[in-house]
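Now for the letters of each chain:
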Amino acid sequence: MTPEELQQLIDILNNEDIDQAANSVNGINLFGNHPIVYSAIFGKPIKKPEDTPFYSVDELKKWWANLDIEAEKRILAKITEYGVKDLYQGRICDFFWFVDKKIDCARRAMWYYRTTLKCSSFSVCFWSINRYISLAKAIGEENLRKKEIVELLRETISKKVNANYDYCFLLKIAKRWDDEKGPLIRAAEDALRELSDSQDYILIGKYCDLLLSLYDDIKNSQIQKEKIIWKKARAIIHTANNLKNTDGNDKFRRANLLKNAVNELKALKTEDAKNYRKQLLFEIQQLEEEGVKALPLFQHSGDASQLVAVLMKILESLEGPEEYMYFLANCMNFLKKKEHENVILSNRSIIDLFSSTVIGSDGRVKAKVGSLTKNTENATEIDKKALQLKAERSACREIVVTSQIVLANVHRFIQQISIPEAMVREIVIRSGFVPPDRIQLYTKGLYAGIKGDFLTALCILTPQIENSIRHIAEMCGEPVYNLKEDGTEELKTFHALLEAEKVQECLDEDFLFTLKTVFVSPYGLNFRNEFCHGILSDAQYQTYTALYIWWLIFKCCYMLSPLPSDIVAASVQTKIAKEASTLNTGSSRDKDNE
């Protein structure tokens, strides 16, 4: 920095407040040429004493590789020697404490901040009081200076210009330090009165939450609390009602806001609040139903004609019911957990930084998936739980696609073949998946599915698959009952069985992932729970999803049965290999033509 630039900077810092100064230093490109000097003088926005006030040297080095730290420090030292406003003196001393951790720098910064607090505007005082408290705690003098901190906080509170976010943050800080809650309550109430229901509902909510926490320390404050809760709810509802309500997104945003209002009003036990909550819930239901209809439908198309043609040739080459049953059970594999996780990881985008919502066909929120990443002390890591949930969601899309392309064609073809019920019964009797006392149930359910009656099939089979997993868990050495404190015992849930340690040790990962995705995960199909709660309509039992679920139960039974004979298996595998080779040859020719 040239002497002329240094003098120009000192003149700016002596004569201008911080907002004007920040604009004026652009003329000498202070940030571009001297980022450390800029950081020390102007700092970072802070809202509480724990916030980091400056950009660290390591942060700045990422953008300025050739940064001369010592030269920047010398410039800052010269600025303090020439003398500038106490605010800037305090920040520069604070920066030296931030970098070098010298206690005398911290104490000098506190002296300048205290002087600043006596004669500056609210915005300047807000930054200064936060740093004063932070430094007092950092050097172990918070108890020694508590009385002074309380006085400075009260003085800063008295400089309020309007009821903004910073003023609310300041009152929250004061609540931690000031044992006299009366003045804080009056200050918060005055600020809240300035805010009408039509203003920022988030800001209103913060003042309401602050007042509710302050009222906790006062006896007989229930009436005041009720008024505050109504104020917060009205602000949320006003915002919801002001949305344009023209598309699906607006309807869902409005519904979510009204849900927030309902949750706030749950704290009120009055009859008026109860009736109003019911009214809002009916409105939410209508908005969610309308929202689903208004959402854009994303579609994807592709040509699977060659695959279907090969599939039909395989089916036409099969001979006898035994071969058809073998092919039906083995035409698809279980869902691959690692494959779906790898797809998600390889296609990560900015969307994965945020939580996502699973919405049912009726518009109701079924589940929420958190961010794919989580911050730890040393790095950003993949959240394994979120990855698994997103994999379950991805697997649902595979179910829909493969059911239409593969299962629907295989099942349609097999329906034309005369598969005797006795053969299905033979598979069931020999299956290790079926307990001996459930043979009739599985036989009737699987045979109904072969005939295309999935309503009957799934109503019979869905409860039984949970019992089968319980049966397998016992064989794995896993207890299937939980002992409660009152001495009673209750069955473990389907989900708990699939998560049990010994079950996971005994059974294949993809098998368990498929069962979890299909039956119990709210991020997947969640079929078991929707079936048990009577959510499914008649039409939902005659879908590709219903076909897949029936097929999955059939596969579970078939794979643990000694049927078929080695001769049948070898015959089908040979026919599959023959037709699959024509598919590969065709693909190669297409590539050559391209």
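Residues numbered from 1 in each chain as written. Predicted model: local features only at pLDDT ≥ 70, side-chain atom pairs only at ≥ 80, totals over all residues. Heavy atoms only, no water.

Turning our attention to the overall build of the protein chain. Counting secondary structure elements, the protein chain contains 29 helices and six strands. By the compact-globule yardstick of 25 Å for 594 residues, the protein chain is too spread out, its C-alpha radius of gyration being 34 Å. Projecting the C-alpha coordinates of the protein chain onto the three principal axes gives extents of approximately 100 × 70 × 50 Å. Across the 594 residues that make up the protein chain, the buried fraction comes to 45%. Taking the contacts inside the protein chain whose residues are at least 6 apart along the sequence as the reference set, 66% of them involve residues at least 24 apart. Of the roughly 31000 Å² that the protein chain leaves accessible, carbon and sulfur atoms contribute 50%. (Helix = DSSP H or I, 4+ residues; strand = E, 2+ residues; numbered from the N terminus. Rg over C-alpha atoms; globule rule 2.2 N^0.38 Å. Buried < 20%, exposed > 50% of the residue type's maximum accessible area, 1.4 Å probe, protein only. Contact = heavy atoms within 4.5 Å. Areas by Shrake-Rupley, 256 points an atom, 1.4 Å probe, with all protein chains shown as cover.)

Turning our attention to the packing of helix H11 (residues 165-177) against helix H13 (residues 201-215). Helix-helix packing is characterised by the crossing angle of the two axes and by the distance between the axes. Between H11 and H13, the shortest axis-to-axis distance is 10 Å and the interhelical angle comes to 15 degrees. When the axes of H11 and H13 are compared, the pair comes out roughly parallel. Classified by chirality, the crossing of H13 by H11 is left-handed. Every residue of H13 that contacts H11 at Tyr165, Tyr167, Cys168, Leu171, Lys172 and Lys175 is listed here: Ile202, Leu203, Lys206, Tyr207, Leu210, Ser213 and Leu214. (Axes fitted to C-alpha atoms, helices over the stretch in contact; angles between N-to-C directions. Parallel < 35°, antiparallel > 145°, perpendicular 65-115°, else oblique. Left-handed = near helix turned anticlockwise from the far one by under 90°.)

For the structure shown, the criterion picks out 37 salt bridges. For lysine 516, the salt bridge identified is with glutamate 499, shortest N-O distance 2.6 Å. Pair noted here: lysine 516 is in helix H26 (residues 509-520) and glutamate 499 is in helix H24 (residues 494-499), with a separation of 17 residues, a long-range link. (Salt bridge = Lys/Arg side-chain N within 4 Å of Asp/Glu carboxyl O.)

This brings us to the confidence of the model for the protein chain. The predicted model of the protein chain averages 86 in pLDDT, with 92% of residues at 70 or higher. When the elements of the protein chain are averaged for pLDDT, helix H3 (residues 30-33) gives the smallest value, 62, and helix H22 (residues 439-450) the largest, 96. For the stretch residues 586-594, pLDDT sits under 50, and the model shows three contacts to residues farther than four places along the chain or on other chains. (pLDDT = per-residue confidence, 0-100.)

Counting 95 residues, the largest nonpolar core has Ile41, Leu76, Ile79, Leu153, Leu171 and Tyr207 as its most contacted members. The greatest single-element share of this core, amounting to 10 residues, is contributed by helix H9 (residues 122-138). Excluding its chain neighbours within four sequence positions, the residues that come into contact with isoleucine 79 are Leu6, Leu9, Leu13, Val37, Ile41, Val84 and Ile92. Membership of the second largest hydrophobic core comes to 83 residues, among which are Ile419, Ala546, Val568 and Val572. (Core = buried A, V, L, I, M, F, W, Y, C linked by side-chain atoms within 4.5 Å.)

This part covers the environment of isoleucine 472. With respect to the helices and strands, isoleucine 472 occurs in helix H23 (residues 454-475). Residue classification places isoleucine 472 among the buried residues on the basis of a relative accessible area of 8%. Once the C-alpha coordinates of isoleucine 472 and alanine 109 are considered, the two residues, 363 residues apart in sequence, prove to be 69 Å apart. Leave out the neighbours within four places in its chain, and isoleucine 472 touches Phe433 and Leu507.

What follows covers the packing of aromatic side chains. Between two aromatic rings, the relevant description is the distance of the centres plus the angle of the planes. This structure, assessed with the given rule, holds 21 aromatic pairs. For the ring pair phenylalanine 454 and tryptophan 550, a centre distance of 6.1 Å and an interplane angle of 55 degrees mean the geometry is tilted. Placement of phenylalanine 454 in helix H23 and of tryptophan 550 in helix H28 (residues 544-559) is noted, with a sequence separation of 96 residues between them. For the pair phenylalanine 454 and tryptophan 550, one class covers both residues: buried. Taken together, the ring pairs connect Phe54, Phe95, Phe98, Tyr113 and Trp127 into an aromatic cluster. Above the plane of the ring of tryptophan 97 lies lysine 101, whose end atom (NZ or CZ) is 5.3 Å from the centre. (Phe/Tyr/Trp six-rings, centres within 6.5 Å; stacked < 30°, edge-to-face > 60°. Lys NZ or Arg CZ within 6 Å of the ring centre and 35° of its normal.)

Quick look at the environment of leucine 211 now. Inspection of the secondary structure assignment puts leucine 211 in helix H13. Taking C-alpha positions, leucine 211 is 30 Å from phenylalanine 282, a pair spaced 71 residues apart along the chain. With residues up to four places along the chain from it excluded, the contact list for leucine 211 reads Ile185, Ala188, Glu189, Leu192 and Ile228.

Along the chain, glutamate 323 turns up in helix H18 (residues 320-330). Of the polar contacts made by the side chain of glutamate 323, one reaches the side chain of lysine 575; its length is 3.0 Å. (Polar contact = N/O pair within 3.5 Å; in protein donor to acceptor, adjacent residues only side chain to side chain.)

This paragraph deals with the packing of helix H6 (residues 69-82) against helix H7 (residues 86-100). Running from N to C, H6 and H7 point in directions that differ by 145 degrees, and their axes come no closer than 10 Å. As for how H6 packs across H7, the hand of that crossing is left-handed. Across the interface between the two elements, Lys73, Leu76, Ala77, Ile79 and Thr80 of H6 pack against Gln89, Ile92, Phe95, Phe96, Val99 and Asp100 of H7. Considered class by class, the residues forming the contact of H6 with H7 number seven nonpolar, two polar and two charged. (Nonpolar A, V, L, I, M, F, W, Y, C, P; charged D, E, K, R; others polar.)

Along an α-helix, a turn takes 3.6 residues, which lines up residues three or four apart on a common side. With 16 residues, H28 extends 22 Å between its outermost C-alpha atoms, agreeing within 8% with the 22 Å of an ideal straight helix rising 1.5 Å per residue. For H28, the tally of buried residues reaches 13 of 16 residues, placing the bulk of the element in the interior. (Expected span 1.5 Å × (residues − 1).)

A few words on the side chain of lysine 390. With respect to the element layout, lysine 390 can be found in helix H20 (residues 384-415). Beyond its immediate chain neighbours, meaning those up to four positions away, lysine 390 contacts Ile344, Asp352, Ser356, Val369, Gly370 and Leu372.

For H20, the principal kink sits at serine 403 and spans about 50 degrees. The distance from a side-chain oxygen at the start of H20 to the backbone nitrogen of lysine 385 is 3.0 Å, and the residue carrying that oxygen is aspartate 383. (Bend = angle between axes of the 7 residues up to and from the residue.)

With that settled, consider unusual backbone geometry. Residues other than glycine seldom take positive phi values, yet lysine 101 does so here, at roughly 55 degrees. Position of lysine 101 among the secondary structure elements: in the loop between H7 and helix H8 (103-119). For asparagine 526, which is not a glycine, the phi torsion comes out positive at approximately 55 degrees. Here asparagine 526 shows up in the loop between H26 and helix H27 (527-532).

A separate point is the environment of lysine 313. Structurally, the position occupied by lysine 313 is in helix H17 (residues 305-317). Residue classification places lysine 313 among the partly exposed positions, given a relative accessible area of 46%. Considered as a pair, lysine 313 and tryptophan 127 are 186 residues apart in the sequence and their alpha carbons are 76 Å apart.

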